[in-house]
Amino acid sequence: MKYKIFVDGQEGTTGPKIHDYLSKIADIEVMKIESEKRKDYKARRALINEADVVFLCLPDDASKDAVSMVSNNKTKLIDASTAFRTDQDWTYGLPELHKNQRSKIQSSSRVAVPGCHATGFILAINPLVGEGIIPRDYPMSCYALTGYSGGGKKLISQYQNSNKEQLFAPRQYALNLNHKHLPEMRLFSGLNSAPLFTPIVGNYYQGDAVSIPLLPRMFIKKMTARDVQELLASYYKDERFVRVAPFDSEAYLEEGFFNLMKCNNTNYLDIFVFGHDDQILLVSRFDNLGKGASGAAIQNMNIMLGFDEGVGLE
Ligand SMILES: NC(=O)C1=CN([C@@H]2O[C@H](COP(=O)(O)OP(=O)(O)OC[C@H]3O[C@@H](n4cnc5c(N)ncnc54)[C@H](OP(=O)(O)O)[C@@H]3O)[C@@H](O)[C@H]2O)C=CC1
Ligand SMILES: CC(=O)N[C@@H](CCC(=O)OP(=O)(O)O)C(=O)O
């Protein structure tokens, strides 16, 4: 039997990328909606209920509508939006979070794909909080650099169809300090409160680097940058898609600069630990359309259907 797969939002940004991955997977049947019917309630509802797995690649409200269209017990949903990430009835689709997260995903029929920046933050910080190194009330801050595809069709069009001078420079956003990823960043990092988070969008298509400065003198246990690298490397040693770079900061720079595009078009997330005895900088590098969204969505599907986790992704 071939699993039937439907991507609701096939003409956006994350949806087509999911179609690319699906095209490399055997033993599935990918269903498509006619372009002019992509917002038609009846047509979407029929496909949603026919499918074994539906990827929702939609704005939050449209995702909520799609969920309400399901009228059977078979259809599994994988949602890329922010709508359900901290919802108790949904499973957070970050298999590397804890030892038991994979089995939760496998037995769930409602999986929320983590936000891109949240993915980078949580994977770097959660082990250090969980292992009792960073106190739960640590005054955390974090900044991220992302390509403009992270903002979907609207932001892509702004960058690609305008030559306004201000678009050439990186631009800070979410300066209300209330970015939509904060609730999941708090909940799944183990911290008592969300970080002070400032993302920055640059004039390039894809690639994300989340940077987190840490002061070891505020840790519960004394740890140098090298100790932190060893702890993270041990925590993720069996993971396929989360890699912790050896402690050798110079080796990762190209003529003195960090290349945040090096995970593009892959589902890898690389964690780097820079620093010394007194100061540490953690950097998570990944593709916002890979481990930050569409790749992660496929990884979750593979787990939910009992496929090899890397099918379509490697
Ligand atoms: N881009 C990224 O890197 C990431 C995005 N996400 C999240 O994933 C979701 C999808 O993002 P992205 O692909 O970038 O978004 P886009 O804006 O690029 O695409 C959204 C798609 O949804 C369609 N759509 C909008 N409203 C409806 C509706 N009521 N019914 C059916 N279709 C509708 C749009 O139609 P139309 O073609 O007419 O515009 C468009 O094709 C969002 O919630 C986003 O926040 C998550 C992680 C990363
Ligand atoms: C450049 C840009 O705007 N990026 C998006 C990140 C997209 C993402 O992770 O997805 P969700 O929107 O589903 O959370 C942002 O920061 O809101």
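Residues numbered from 1 in each chain as written. Chains lettered and ligands numbered in written order. Predicted model: local features only at pLDDT ≥ 70, side-chain atom pairs only at ≥ 80, totals over all residues. Heavy atoms only, no water.

Trainee: What is the right way to read the UniProt feature "active site" (unreviewed entry) in the chain from this model?
Mentor: The feature "active site" (unreviewed entry), as given by UniProt, occupies Cys116 in the numbering adopted here. For Cys116, the location among the structural elements is in helix H5 (residues 116-130). In this structure Cys116 touches His181, Asp208, Phe286, Asn288 and Gly292, once residues within four positions along its chain are discounted. (UniProt positions renumbered as here; feature names shortened; annotations may be inferred. Helix = DSSP H or I, 4+ residues; strand = E, 2+ residues; numbered from the N terminus. Contact = heavy atoms within 4.5 Å.)

Trainee: Please clarify how the packing of H5 against helix H8 (residues 225-235) should be interpreted in this entry.
Mentor: Helix-helix packing is characterised by the crossing angle of the two axes and by the distance between the axes. Taken N-terminus to C-terminus, the directions of H5 and H8 make an angle of 100°; their axes are 10 Å apart at the nearest point. Taken together, H5 and H8 sit at an angle that is classed as roughly perpendicular. On the side of H5, the interface is formed by Ala124, Asn126, Pro127 and Leu128, while H8 contributes Val228, Leu231, Leu232 and Tyr235. Of the residues that constitute the contact of H5 with H8, the class distribution is seven nonpolar, one polar and no charged. (Axes fitted to C-alpha atoms, helices over the stretch in contact; angles between N-to-C directions. Parallel < 35°, antiparallel > 145°, perpendicular 65-115°, else oblique. Nonpolar A, V, L, I, M, F, W, Y, C, P; charged D, E, K, R; others polar.)

Trainee: Any chance you could explain the site of ligand 1 here in plain terms?
Mentor: Around ligand 1 sit 24 residues, and of these Thr13, Thr14, Lys39, Leu58 and Lys153 come closest. Measuring from an oxygen atom of ligand 1, one finds a side-chain N or O atom of Lys39 at 2.8 Å. Elements with a minimum of two residues in the shell around ligand 1: helix H3 (60-68) and helix H6 (152-160). A breakdown of the residues in the shell around ligand 1 according to their chemical character gives seven nonpolar, nine polar and eight charged. Formed jointly, the shell around ligand 1 draws a minimum of three residues from each of two domains, domain 1 (3-113 + 293-305) and domain 2 (116-286). (Near = heavy atom within 4 Å. Polar contact = N/O pair within 3.5 Å; in protein donor to acceptor, adjacent residues only side chain to side chain. Domains from an automatic or database assignment.)

Trainee: Teacher, can you tell me more about the pairing of strand E1 (residues 3-8) here?
Mentor: Side-chain positions along a regular strand alternate between the two faces of the sheet. Bridge count between E1 and strand E2 (residues 28-31): four bridges; the pairing is parallel. The residue of E2 that forms the bridge with Tyr3 is Ile28. Note on the crossover from E1 through helix H1 (residues 14-22) to E2: the handedness is right-handed. Here E1 pairs with strand E3 (residues 53-56) via four bridges, running parallel. Pairing of Asp8 across the sheet is with Leu56, part of E3. (Pairing = 2+ DSSP bridges. Right-handed = clockwise from strand over helix to strand, strands pointing away.)

Trainee: Looking at this structure, I do not really get the pairing of strand E4 (residues 76-79). What am I missing?
Mentor: Of the pairings in the sheet, the one linking E3 to E4 comprises four bridges and is parallel in character. Among the inter-strand pairings, Leu56 is bridged to a residue of E4, identified as Asp79. Taken together, E3, H3 and E4 constitute a β-α-β crossover, and its handedness is right-handed.

Trainee: Would you explain the sheet that holds strand E7 (residues 141-147) in this entry?
Mentor: Through backbone hydrogen bonds, the strands of a sheet pair up, either in parallel or in antiparallel fashion. Spatial strand order, E8-E9-E7-E10-E15-E14-E11: seven strands in an open sheet with mixed pairing. Two strands close off the open sheet at either side, each with one partner strand: strand E8 (171-172) and strand E11 (242-244). Two strands pair when backbone bridges link them, and strand E14 (residues 269-275) and strand E15 (residues 280-286) are joined in this way by seven bridges, in the antiparallel orientation. Residue pairing in the sheet places Phe272 in a bridge with Val283 of E15. On top of the sheet, H5 reaches E7, strand E9 (196-202), strand E10 (208-214), E11, E14 and E15; it is set at about 35° to E10, its chief contact. Against the sheet, H8 makes contact with E11, E14 and E15, and its axis sits at roughly 160° relative to E14, the strand it touches most.

Trainee: Help me understand the sheet that holds E2, please; the structure alone is not making it clear to me.
Mentor: On the basis of which strands lie adjacent, the open sheet formed by six strands has the order E2-E1-E3-E4-E6-E5 and parallel pairing. The open sheet terminates on both sides in strands that have one partner only, identified here as E2 and strand E5 (91-92). Pairing analysis gives two bridges linking E5 to strand E6 (residues 110-112), with the strands arranged parallel. By the bridge assignment, Thr91 is partnered in E6 with Val111. Lying on the sheet, H3 is in contact with E1, E3 and E4; it crosses E3 at an angle near 160°. Across the sheet, helix H9 (residues 294-305) lies against E1, E3, E4 and E6, angled at about 160° from E4, the strand it touches most.

Trainee: What is the right way to read the site of ligand 2 from this model?
Mentor: Near ligand 2 lie 15 residues; those nearest to it are Arg85, Cys116, Tyr173, Lys180 and His181. Within the side chain of His117, a nitrogen or oxygen atom sits 3.4 Å from an oxygen atom of ligand 2. Contact distances for ligand 2 include 2.5 Å between an oxygen atom and a side-chain N or O atom of Lys180. Broken down by class, the residue content of the shell around ligand 2 amounts to five nonpolar, eight polar and two charged. Split by domain, the residues of the shell around ligand 2 number at least three in each of domain 1 (3-113 + 293-305) and domain 2 (116-286).

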